[in-house]
Amino acid sequence: MKTNASGPNRLSRTAAKEVPHRSDERFFAAKADVKKLCEDLLHDLRHSPMHAPMVADLETAVKRIQQQLKDITPDEPKASTQVRDMSKEVQHLQVAETWVSATERVLTRLGSEAPHDMRDALLEAQDTVMWHVRAQSWNGELTAATTNLQKLVQEAEAEAARAAAAATW
């Protein structure tokens, strides 16, 4: 026998999401995820090859997010949205940390043989990323600066690989 019932409709699914204990569970799960992201980033910063002032700036940004996360409660309006935004901020910081530390590694790998214009471009792009981290400018400016740094690091890695290959011949 065939039934025409295809399952819950859109209104019943929306009503199920509005159950208070479920929304609180999602809020606390999202909060725990952001807390874990912060802890992972702090761990990565402790083992990073970056200069101490850069590590300190990133740690300050992470600790600021942790404090905001600690202060937020589920009864505040738009609390879940704020937690999601914090998650995005931490992810931006993780990407920035990845490429700033990659810059340090490639500059070390190139050594004194790096072309001066390449070295200057890398250091300037790295400083730009760190400026955006300190200024807390998350509205695309950090992403654009990080993307530019990523491109420069990849070019420098290629240059380092060519220099290493030329040295072995």
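Residues numbered from 1 in each chain as written. Predicted model: local features only at pLDDT ≥ 70, side-chain atom pairs only at ≥ 80, totals over all residues. Heavy atoms only, no water.

**Side note on the overall build of the chain**
We apply this condition: Here a strand is any run of E in DSSP of at least two residues, a helix any run of H or I of at least four, and the numbering for each starts at the N terminus. Within these notes, the globule rule equals 2.2 Å times the number of residues to the 0.38 power, and the radius of gyration is based on C-alpha atoms. Every residue pair with non-hydrogen atoms within 4.5 Å of one another is taken to be in contact. Methods summary: accessible areas were calculated by the Shrake-Rupley approach with a probe of 1.4 Å, and residue burial reflects only the protein chains presented.
Counting its secondary structure elements, the chain contains 6 helices and 0 strands. Along the chain, helices (α) and strands (β) appear in the sequence α-α-α-α-α-α when read from the amino end. Relative to the 2.2 N^0.38 estimate, which gives 15 Å for 169 residues, the radius of gyration of the chain is 22 Å and therefore markedly larger than a compact globule would have. Considering only C-alpha atoms, the chain reaches an extent of 75 × 45 × 25 Å along its principal axes. Sequence-distant contacts, at least 24 apart, represent 73% of the contacts inside the chain between residues at least 6 apart. With the model as given, the accessible surface of the chain reaches about 10800 Å², and the carbon-plus-sulfur share is 54%.

**Description of helix α4 (residues 79-110)**
To be explicit about the condition: Given a helix with a known number of residues, its expected span is that number minus one, times 1.5 Å.
Between its terminal C-alpha atoms α4 stretches 47 Å, which fits the 46 Å expected from 32 residues at 1.5 Å a residue. A positive backbone phi angle near 65° is found at glycine 111, which sits one or two residues after α4.

**What to know about the pattern of salt bridges**
Side-chain pairs of opposite charge can arise whenever the charged atoms involved come near each other. Spelled out, the test is: Any carboxyl oxygen of Asp or Glu that lies within 4 Å of a side-chain nitrogen of Lys or Arg is treated as forming a salt bridge with it. A simple rule labels every residue: compare its accessible area, found with a 1.4 Å probe on the protein chains alone, to the largest value its type can have, and call it buried under 20%, exposed over 50%, or partly exposed in between.
In total, this model carries 5 salt bridges according to the counting rule given. Its salt-bridge partner being arginine 64, residue glutamate 89 comes within 3.5 Å of it at the nearest N-O pair. In this pair, glutamate 89 is assigned in helix α4 and arginine 64 in helix α3 (residues 52-71), connecting sequence segments 25 residues apart. The burial state of glutamate 89 is the same as that of arginine 64; both residues are buried. Two residues, arginine 109 and glutamate 157, come together in a salt bridge whose shortest N-O distance is 2.5 Å. You can see arginine 109 sitting in helix α4 and its partner glutamate 157 sitting in helix α6 (residues 141-168), a full 48 residues away along the chain. Since its relative accessible area comes to 48%, arginine 109 is described here as partly exposed.

**Some details on a positive patch on the surface**
Threshold: Each patch is built from residues that are more than 30% exposed by relative accessible area and take part in no salt bridge. Like charges join if they lie within 9 Å; nonpolar side chains (Val, Leu, Ile, Met, Phe, Trp, Tyr) join within 5 Å. When charges are counted, Lys and Arg contribute as positive and Asp and Glu as negative, whereas His and the chain ends are disregarded. For the purpose of locating charges, the reference atoms are NZ of Lys, CZ of Arg, CG of Asp and CD of Glu.
A contiguous patch of positive charge, built from Arg10, Arg13, Lys17, Arg22 and Arg26, is present on the exposed surface. Put simply, the parts of the chain that give the positive patch at least two residues each are α1 (10-17) and α2 (20-46). With 3 residues, the single largest contributor to the positive patch is α1. The topology assignment puts lysine 17 in helix α1.

**Some points on the packing of α3 against α4**
Selection rule: Here, axes are lines fitted to C-alpha atoms. For helices the fit covers the stretch in contact, and angles between N-to-C directions go from 0 to 180 degrees. In what follows, roughly perpendicular refers to angles from 65 to 115 degrees, roughly parallel to angles under 35, roughly antiparallel to angles over 145, and oblique to any angle outside these ranges. Residues are grouped as follows: Ala, Val, Leu, Ile, Met, Phe, Trp, Tyr, Cys and Pro are nonpolar; Asp, Glu, Lys and Arg are charged; all remaining types, including Gly, are polar.
Packing of α3 against α4 leaves a shortest axis separation of 11 Å and a crossing angle of 170°. One finds that α3 runs roughly antiparallel with respect to α4. Every residue of α4 that contacts α3 at Met54, Leu58, Ala61, Val62, Arg64, Ile65, Gln68 and Leu69 is listed here: Val83, Met86, Glu89, Val90, Leu93, Glu97, Val100 and Glu104. Partitioning the contact of α3 with α4 into residue classes produces 11 nonpolar, 1 polar and 4 charged.

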